[in-house]
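# Summary of structural features
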Amino acid sequence: MYPANKRIGIQLVAWMAVATVFIVCASVGSAHGRISDWDSAEWIYSPAETPPPVPTHSSDCLVEGGQAILLKDWQPTENQREILITIQRPEAEVPAVVEEPLPEDTETTEPDEGEVVPDEDPFAGEVTVQPDANAALHLTVEAQVTEDAITLRLTRVDPAPGLVQATRMTVHIQWYGLEGTLQFSMLPYGDEVEAESTEELATTEHEIVPDLTPFSVNDTIDPANSLAYVRLNPETKADFTVSLLLGNEALYKVRWSLNDGETYSLLYDSHIFSIAWPYPEGWDGTVVLDFSVALAAEQGPTIAVEATSYPHKEYTPALSSAPVLPQTYVVTGALPATMPMPTRWGAAQVQARGIQRLIKNEQDEYVYTDDTALAAVTTDAGIRLEPAADGVAPVSGSYRMTLHWVWNGISLQEHTLYFFINSQ
């Protein structure tokens, strides 16, 4: 046993070591705030670090939950088409193929009956392909898988039955939990095609509303988050056509969404899509364009929009990262206090929402809960924190709030800001 005075010294050194660890956490920026524990000393709170993502299978066309992969119309003279889908697999799953040369005096022989022969194709059986009834009637579908690609070969059957009218067809693909559905129209073909069947159907007649702003395009794209936002005006009752370009060339493999990015369709071999009146029910005119597959780093797209009875226009949004605070947490000792940051990102402006405070719940766990004692106001200088009620200071402790970059009523991006209030 140590003497009493030596034991006290050891305990003091240990306490100082713990305190030093907390101070270091704050100094390197890994801590996101502080919380006051009134039973002891104030200590640094550091949320659990997010583990690095586990390598998974990925693809330029197939995604979890699936998406529509839109193809050009199948022409009457077209007999075969190949669809190339890029894939990426975890390194550990890539089979290593080792070829050992045979001795010069060794002849290749057929395997004995009952002998197990290794599968020559290490990727056999990975892909499931399901054509719908129409596609199965007119096409054969073959899939070839390599280490980094899936090639689908669609071939018109022989003898071909023919079509008297344009028919929509789909082919569903599944690979390691990732999915996609090829969608295309096969145009009339064969000896029994009637002349009138090739005529385009008349569009629903409606009156275009003139003299409105038909559409607008957000003026910035974050290079780290290649999404562009277009707001078409449903009040025009116009038929809209959107074209995607890189310089003056067509830009393929752009995804587009009419429901704020919940689901997407992929333009595989086309760079144009149309939205005709009557529009999808409940659609407010917002179109989200995802260029993450289509563009390389630092490339910016051009978005061309046409609306019936309105002039053609093209927009090239600037590549610009959304402003962020220079540090991941803010310490303030008096209110009101301003966290300095640019509050404009092109035409978008930042909005602060949902302030929460870190507390211990009944299970003695640290959780964030809504806090109404503190308000955040956007100013030209940054985000100003102030008490929600005059003369009432918020509780000391760790807080967080969500910052949204808003354009035309659309939240383009959001991120969480952690900060600490010391009001006592």
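Residues numbered from 1 in each chain as written. Predicted model: local features only at pLDDT ≥ 70, side-chain atom pairs only at ≥ 80, totals over all residues. Heavy atoms only, no water.

## Structural notes on the sheet that holds strand S3 (residues 58–59)
Stated formally: Only strands that DSSP links by at least two bridges are regarded as paired with each other. Counting from the N terminus, the helices are DSSP H or I runs at least four residues long and the strands are E runs at least two residues long.
Spatially, the four strands line up as an open sheet ordered S3-S6-S9-S8, and their pairing is antiparallel. The open sheet has two edge strands with one neighbour each: S3 and strand S8 (139–145). Across seven bridges, S8 lies against strand S9 (residues 149–156) in antiparallel orientation. Note on S9: the bridge partner recorded for Gln144 is Thr151.

## Overview of the nonpolar core
Here is the rule we go by: What we call a nonpolar core is a set of buried Ala, Val, Leu, Ile, Met, Phe, Trp, Tyr and Cys residues that are connected through their side-chain atoms within 4.5 Å. Each residue gets one of three labels from its accessible area relative to the maximum for its type: buried under 20%, exposed over 50%, partly exposed in between, using a 1.4 Å probe on protein chains only. Only heavy atoms matter for contacts: two residues are in contact if any of them lie within 4.5 Å across the pair.
One finds Leu232, Leu244, Phe273, Leu289, Phe291 and Ile303 to be the most contacted residues of the largest nonpolar core, which totals 30 residues. Those elements that provide at least two residues to this core are strand S5 (68–70), strand S12 (215–217), strand S14 (227–232), strand S15 (240–246), strand S17 (254–257), strand S19 (272–275), strand S20 (286–290) and strand S21 (302–307). Each residue touching Leu244, except ones within four places of it in the same chain, is listed here: Glu249, Ala250, Leu251, Val254, Leu267, His271, Phe273, Leu289, Phe291, Thr302 and Ile303. By size, the runner-up hydrophobic cluster in this structure holds 28 residues, among which are Phe123, Ile150, Leu152 and Tyr189.

## Quick notes on the pairing of strand S28 (residues 366–370)
With five bridges connecting them, strand S27 (residues 348–360) and S28 associate as antiparallel partners. The residue of S28 that forms the bridge with Gln356 is Asp370. With antiparallel pairing between neighbouring strands as the criterion, S27 and S28 make up a hairpin whose turn holds five residues, including Asp364 at a positive phi of roughly 65 degrees.

## Some words on unusual backbone geometry
Note: most residues except glycine have negative phi, and most peptide bonds are trans. Along the chain, Trp277 connects to Pro278 via a cis peptide bond; the corresponding omega equals 0 degrees. Mapping Pro278 onto the fold places it in the loop between S19 and S20. Geometrically, the link from Leu335 to Pro336 is a cis peptide bond, its omega value of -5 degrees lying close to zero. Within the secondary structure, Pro336 is located in the loop between strand S24 (329–332) and strand S25 (337–340).

## Description of the packing of aromatic side chains
Our working definition: Classification of ring pairs rests on two measures: the distance between centres of Phe, Tyr or Trp rings, Trp counted by its six-membered ring, which must be within 6.5 Å, and the angle between planes, read as stacked under 30 degrees, edge-to-face over 60 and tilted in between. We call a charge positioned over a ring when the NZ of a Lys or the CZ of an Arg lies within 6 Å of the ring centre and within 35 degrees of the ring normal.
With the rule as written, the count across this model stands at nine aromatic pairs. An angle of 35 degrees between the planes, with centres 6.0 Å apart, marks the rings of Trp74 and Phe184 as tilted. Taken together, the positions of Trp74 in the loop between S5 and strand S6 (80–88) and Phe184 in strand S11 (residues 178–186) put the pair 110 residues apart, joining distant regions of the chain. Of the residues examined, Phe184 reaches a relative accessible area of 2% and is grouped as buried. Three or more aromatic residues joined by ring pairs form one cluster here, namely Phe240, Tyr279 and Trp283. We note Arg156 situated over the ring of Tyr189; from NZ or CZ to the ring centre the distance is 3.8 Å. In this arrangement the basic side chain of Arg255 is found over the ring face of Tyr264, its NZ or CZ atom lying 4.0 Å from the centre.

## Describing the pattern of salt bridges
Inclusion rule: By definition here, a salt bridge exists when the distance from a side-chain nitrogen of Lys or Arg to a carboxyl oxygen of Asp or Glu is within 4 Å.
Summed over all chains, the structure comprises nine salt bridges. Where Arg89 meets Glu126, a salt bridge forms, and the shortest distance between an N and an O atom there is 3.0 Å. Note that Arg89 is positioned in the loop between S6 and strand S7 (127–131) and Glu126 in the loop between S6 and S7, a separation of 37 residues in sequence. The pair Arg89 / Glu126 is uniform in exposure class, with both members buried. Between Asp284 and Arg231 there is a salt bridge whose closest N-O contact spans 3.9 Å.

## Here we look at the confidence of the model for the chain
Applied cut-off: Think of pLDDT as the predictor's per-residue confidence, scored from 0 to 100.
Here the chain averages 83 in pLDDT, while 78% of its residues score no lower than 70. Contacts for the low-pLDDT stretch residues 4–33, under 50 throughout, to residues beyond four places or in other chains number 28 contacts.

## Considering the environment of Pro326
Inspection of the secondary structure assignment puts Pro326 in the loop between strand S23 (318–319) and S24. A relative accessible area of 76% means that Pro326 is categorised as exposed. Residues Pro326 and Pro340 lie 14 residues apart in sequence; the distance between their C-alpha atoms is 8.9 Å.

## Observations concerning the sheet that holds S25
Stated precisely, the cut-off is as follows: In this description, a line fitted to the C-alpha atoms serves as the axis of each element, helices being fitted only across the stretch in contact, and the angle between N-to-C directions of two axes falls anywhere from 0 to 180 degrees.
What the three strands build is an open sheet, ordered S25-S30-S29; its pairing is antiparallel. Every interior strand has two partners, whereas the edge strands, S25 and strand S29 (374–378), have only one. The sheet shows a mean angle of 25 degrees between the axes of neighbouring strands, direction not considered.

## Remarks on the side chain of Thr151
Relative to the elements of secondary structure, Thr151 occurs in strand S9. Excluding residues that lie within four positions of it along the chain, Thr151 makes contacts with Glu82, Ile83, Leu84, Glu142, Ala143 and Gln144.

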